[in-house]
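# Structural description and commentary
Listed here are the chains, written in short residue letters.
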Amino acid sequence: MPDILSKGSKFDPVLVKELFNKVKGKSSLAALCGQTPIPFNGQKEFIFTMDDEVDLVAENGKMTRGSVSLDPVIIVPVKIEYGARISDEFLYAAEEEQIETLRNFSDGFAKKTARGLDIMAFHGVNPRAKTASALIGTNHFDNGVTVIKQDSKTPKTPDALIEEAIAAVQDNEYDISGLTMAPSFRSDLAKMVDTSGRKIYPELAWGNAPSQMNGIQTVANNTVSFNSSKDLAIVGDFSTFKWGYSKEIPLEIIEYGDPDNSGQDLKGCGQVYIRAKAYIGWGIMDKSAFAVIQSAAE
């Protein structure tokens, strides 16, 4: 029987396509903005900013210079990985069973990749360690994005917070293309009623999360409030967020050693180790295109 899952192999193109289709269904960012191919060595995006208005000039009149700036945003892919130990009976299974195992692993890896993209780009942390990552630095929404904070003394309604966040983004001359919110914020919106006691947002009842609200693409996802973050929702022009991945997803079937540093030898335990890696890059072209709604809690 051929060793269809040899060391150092790759997910086949069909599985790669399936994997990232699943990512789009689980990630707020992937759902709100399409991915752009990112070179393995990264790329540089230039933001051309004109701060002045156009100048009205009379015939034969003197023309003046407007101010411009050209700032680069560098997008460099980071490596993420997920590995798991399984019984070495996997090696002796029929091809169909090996493929089914690989598909199940691919499905799980897609979900974790989707969550990982959101967690890293929203909060700048290593998803597993839940601590700030030097690899990400300031390339995330919790740094430099306009913050709309709930008032602890005179709490604002959820939709009032959204309106304030939208106004902040539009003041910076950006349109609103999307909203992603934590489940708790979605629940608060669902509880709102008018003066007659009728629900203002009945489409949110019983845990529903429509893909659009008031003409704005909407996603509810607990990655917004990951790791006890104060973030409740993020609204803005998601066309200014760029992300992409390497189309080759390395897959390793490891039969020897202690690849997860657990202190247990694979051969000694009758196990093999499956490890998948992905290379994902992202960049926020202009942080003034977004606003983050946060709770009043310290």
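Residues numbered from 1 in each chain as written. Predicted model: local features only at pLDDT ≥ 70, side-chain atom pairs only at ≥ 80, totals over all residues. Heavy atoms only, no water.

Before going further, it helps to spend a moment on the overall build of the chain. Tallying secondary structure elements over the chain gives 6 helices and 15 strands in all. For the chain, the accessible surface area stands at approximately 16,500 Å², while carbon and sulfur atoms represent 50% of it. (Helix = DSSP H or I, 4+ residues; strand = E, 2+ residues; numbered from the N terminus. Areas by Shrake-Rupley, 256 points an atom, 1.4 Å probe, with all protein chains shown as cover.)

Attention now goes to the pattern of salt bridges. Taken as a whole and assessed by the stated rule, the structure comprises 9 salt bridges. Of the charged contacts, one joins Asp 194 and Arg 198 as a salt bridge, the two residues approaching to 3.6 Å between their closest N and O atoms. With a relative accessible area of 57%, Arg 198 lands in the exposed category. When the shortest N-O distance is used, the salt bridge between Glu 252 and Lys 277 registers 3.8 Å. One end of the pair, Glu 252, is in strand 13 (residues 250-254); the other, Lys 277, is in strand 14 (residues 271-284), and 25 residues separate them in sequence. Residues joined in a network through salt bridges with shared partners are Glu 81, Arg 128, Glu 252, Arg 275 and Lys 277. (Salt bridge = Lys/Arg side-chain N within 4 Å of Asp/Glu carboxyl O. Buried < 20%, exposed > 50% of the residue type's maximum accessible area, 1.4 Å probe, protein only.)

On to the packing of aromatic side chains, then. Applying the stated criterion to the full structure yields 5 aromatic pairs. Ring plane angle 70 degrees and centroid distance 5.7 Å describe the contact between Phe 122 and Phe 141, whose orientation is recorded as edge-to-face. In this pair, Phe 122 sits in helix 3 (residues 95-123) while Phe 141 sits in the loop between strand 6 (131-132) and strand 7 (146-149), placing the two residues 19 residues apart along the sequence. Pairing Phe 238 with Phe 290 gives two aromatic rings, centres 5.0 Å apart and planes at 70 degrees, and the pair type is edge-to-face. One end of the pair, Phe 238, is in the loop between strand 11 (231-236) and strand 12 (241-245); the other, Phe 290, is in strand 15 (residues 290-294), with 52 residues separating them in the sequence. (Phe/Tyr/Trp six-rings, centres within 6.5 Å; stacked < 30°, edge-to-face > 60°.)

Turning to the pairing of strand 12, a few remarks are in order. Counted residue by residue, strand 12 has 4 buried out of 5 residues, so it is predominantly covered. Pairing geometry for strand 12 and strand 14, over 5 bridges, is antiparallel. By the bridge assignment, Trp 243 is partnered in strand 14 with Trp 282. (Pairing = 2+ DSSP bridges.)

Moving on, we get to the sheet that holds strand 15. Reading across the sheet, the 6 strands line up as 7-15-11-8-10-9 and stay open at both edges, with mixed pairing between neighbours. Edge positions in the open sheet fall to strand 7 and strand 9 (212-213), since each of these has one partner strand only. Relative to strand 15, strand 11 is paired through 5 bridges, and the arrangement is antiparallel. Across the sheet, Val 235 pairs through a bridge with Ala 291, a residue of strand 15.

Moving on, we come to the nonpolar core. Core analysis: the largest hydrophobic core is formed by 68 residues, its most contacted members being Phe 141, Phe 185, Phe 241, Trp 243, Trp 282, Phe 290 and Ile 293. Ranked by residues supplied to this core, first place goes to helix 3 with 9 residues. Dropping the residues within four chain positions of it, Phe 290 is found in contact with Phe 141, Val 145, Thr 146, Val 169, Ile 234, Val 235, Gly 236, Asp 237, Phe 238, Thr 240, Phe 241 and Ile 284. (Core = buried A, V, L, I, M, F, W, Y, C linked by side-chain atoms within 4.5 Å. Contact = heavy atoms within 4.5 Å.)

Where helix 4 (residues 158-171) meets helix 5 (residues 183-191), the closest approach of the two axes is 8 Å, and the angle between their N-to-C directions is 115 degrees. Within the contact between the two elements, helix 4 uses Pro 158, Asp 159, Leu 161 and Ile 162 and helix 5 uses Phe 185, Asp 188 and Leu 189. Residue composition of the contact of helix 4 with helix 5, by class: 5 nonpolar, no polar and 2 charged. (Axes fitted to C-alpha atoms, helices over the stretch in contact; angles between N-to-C directions. Nonpolar A, V, L, I, M, F, W, Y, C, P; charged D, E, K, R; others polar.)

Model confidence for the chain is summarised by a mean pLDDT of 86, while 86% of its residues fall at 70 or above. Looking across the chain, the model is least confident in strand 2 (residues 43-50), with a mean pLDDT of 63, and most confident in strand 15, with 98. Taken as a whole, residues 1-7 scores under 50 in pLDDT and shows 18 contacts with residues more than four places along the chain or in a different chain. (pLDDT = per-residue confidence, 0-100.)

Relative to the helices and strands, Ser 28 is located in helix 2 (residues 28-32). Side chain to side chain, Ser 28 and Asn 221 meet in a polar contact 3.4 Å long. Among residues more than four places away in sequence, those in contact with Ser 28 are Asp 118, Phe 122, Thr 180, Val 219, Asn 221 and Thr 223. (Polar contact = N/O pair within 3.5 Å; in protein donor to acceptor, adjacent residues only side chain to side chain.)

For the rest of this paragraph, the subject is unusual backbone geometry. Non-glycine residue Glu 173 carries a positive phi angle of around 65 degrees. Of note, Glu 173 is situated in the loop between helix 4 and strand 8 (178-181). Given the relative accessible area of 69%, Glu 173 is considered exposed. Within the chain, Asn 261 stands out as a residue other than glycine whose phi angle is a positive 55 degrees. Residue placement: Asn 261 occurs in the loop between strand 13 and helix 6 (266-269). Judged by relative accessible area, which is 67%, Asn 261 ranks as exposed.

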